[in-house]
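Structural overview for review
Each chain, written out:
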Amino acid sequence: MSSLPIEKVYAYLGAPANRGLDGEIFRCLEEIAGLAHFRYLYKFFSEPPEFLLKEPYLSYLEGSTGVILAVMTLGGEVDKKIKLLQRTDVSKAVIYDAAASAYLEFLSDEYEKSLDENLSYRFCPGYGGSDVTDLKHVFGILKPEKIGVTLSEAFYILPAKSMAGIIAVGGSAEKTCKGCVISKNCKYLKGGVKCYD
């Protein structure tokens, strides 16, 4: 956790770094680390599953030598803490929520380094013009219920501090704002930065 860039938390907060909040963020991260039960489930495919044979996945996978489907979670205890804070300390709940999202992303990045050193970034259904309903294919293949992750009828992943997506092995995919549905109103772009920087 000590190597988690605190700037990632500020990115999730949608706010510039504020050194006065650093202490509270670190306290939240320490508590999250104690509550989290990180789990990561994945499967490698040398050829993309059929649901990926359309845009924007084809562009993302261009030049790749395989694809990984993955689901990762911090577990339900972190969600419970966030819900409690939303009733008792709203300002801390906002920081805690952002810190948990950043922590999940950080742990996932670290885990993926052990899978292959030539992986692209995670591309999740709902990103870049893709359809969030494609999550049903990821869940149908991986069956992440065995690690405590489910998909609601409205395509919300539960626990909330979970992710599901695809990762290109090799290829030349780069993160871009092209095709992002909120780019016209993006607070990051208006501030001269990007959400993934």
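As a reminder, the structure under discussion sits directly above these lines.
Quantities reported herein were computed from a predicted structural model and do not represent experimental measurements.

1. Some thoughts on the environment of Glu112
In this structure, Glu112 sits in helix α5 (residues 90-113). Assessed through its relative accessible area of 6%, Glu112 is described here as buried. The spacing of Glu112 and Ile167 is 55 residues in sequence and 9.4 Å in space, taken between C-alpha atoms. Excluding residues that lie within four positions of it along the chain, Glu112 makes contacts with Tyr40, Met72, Leu119, Arg122 and Ile167.

2. Digging into the packing of aromatic side chains
Evaluation of the coordinates by the stated rule reveals ten aromatic pairs. Both rings, one in Tyr40 and one in Tyr42, keep their centres 6.1 Å apart while their planes meet at 65°; by these two values the pair is edge-to-face. We classify Tyr42 as partly exposed; its relative accessible area is 37%. Between Tyr42 and Tyr111 the ring centres are 6.5 Å apart and the planes differ by 65°, which places this aromatic pair in the edge-to-face class. Pair noted here: Tyr42 is in strand β1 (residues 39-45) and Tyr111 is in helix α5, with a separation of 69 residues, a long-range link. Using a relative accessible area of 31% as the deciding quantity, one classes Tyr111 as partly exposed. One aromatic cluster is present, formed by Phe51, Tyr57, Tyr60, Tyr121, Phe123 and Tyr127 through successive ring pairs.

3. Brief notes about the sheet that holds strand β2 (residues 64-73)
Judged by pairing direction, the sheet is antiparallel, and its four strands sit side by side in the order β1-β2-β6-β3 without closing on themselves. The open sheet has two edge strands, β1 and β3 (119-123), and neither has a second partner. The sheet shows a mean angle of 25° between the axes of neighbouring strands, direction not considered. Note that β1 and β2 share seven bridges and pair antiparallel. Within β2, the position partnered with Lys43 by the bridge is Leu69.

4. A closer look at the nonpolar core
Ile32, Leu52, Leu74, Val78, Tyr103 and Ile166 are the most contacted members of the largest nonpolar core, which totals 52 residues. If one sorts the elements of this core by residue count, α5 sits on top with eleven residues. Beyond its immediate chain neighbours, meaning those up to four positions away, Leu74 contacts Ile32, Ala36, His37, Phe38, Ala100, Tyr103, Leu104, Leu107 and Lys161.

What counts as what
- Residues numbered from 1 in each chain as written.
- Predicted model: local features only at pLDDT ≥ 70, side-chain atom pairs only at ≥ 80, totals over all residues.
- Heavy atoms only, no water.
- Helix = DSSP H or I, 4+ residues; strand = E, 2+ residues; numbered from the N terminus.
- Buried < 20%, exposed > 50% of the residue type's maximum accessible area, 1.4 Å probe, protein only.
- Contact = heavy atoms within 4.5 Å.
- Phe/Tyr/Trp six-rings, centres within 6.5 Å; stacked < 30°, edge-to-face > 60°.
- Pairing = 2+ DSSP bridges.
- Axes fitted to C-alpha atoms, helices over the stretch in contact; angles between N-to-C directions.
- Core = buried A, V, L, I, M, F, W, Y, C linked by side-chain atoms within 4.5 Å.

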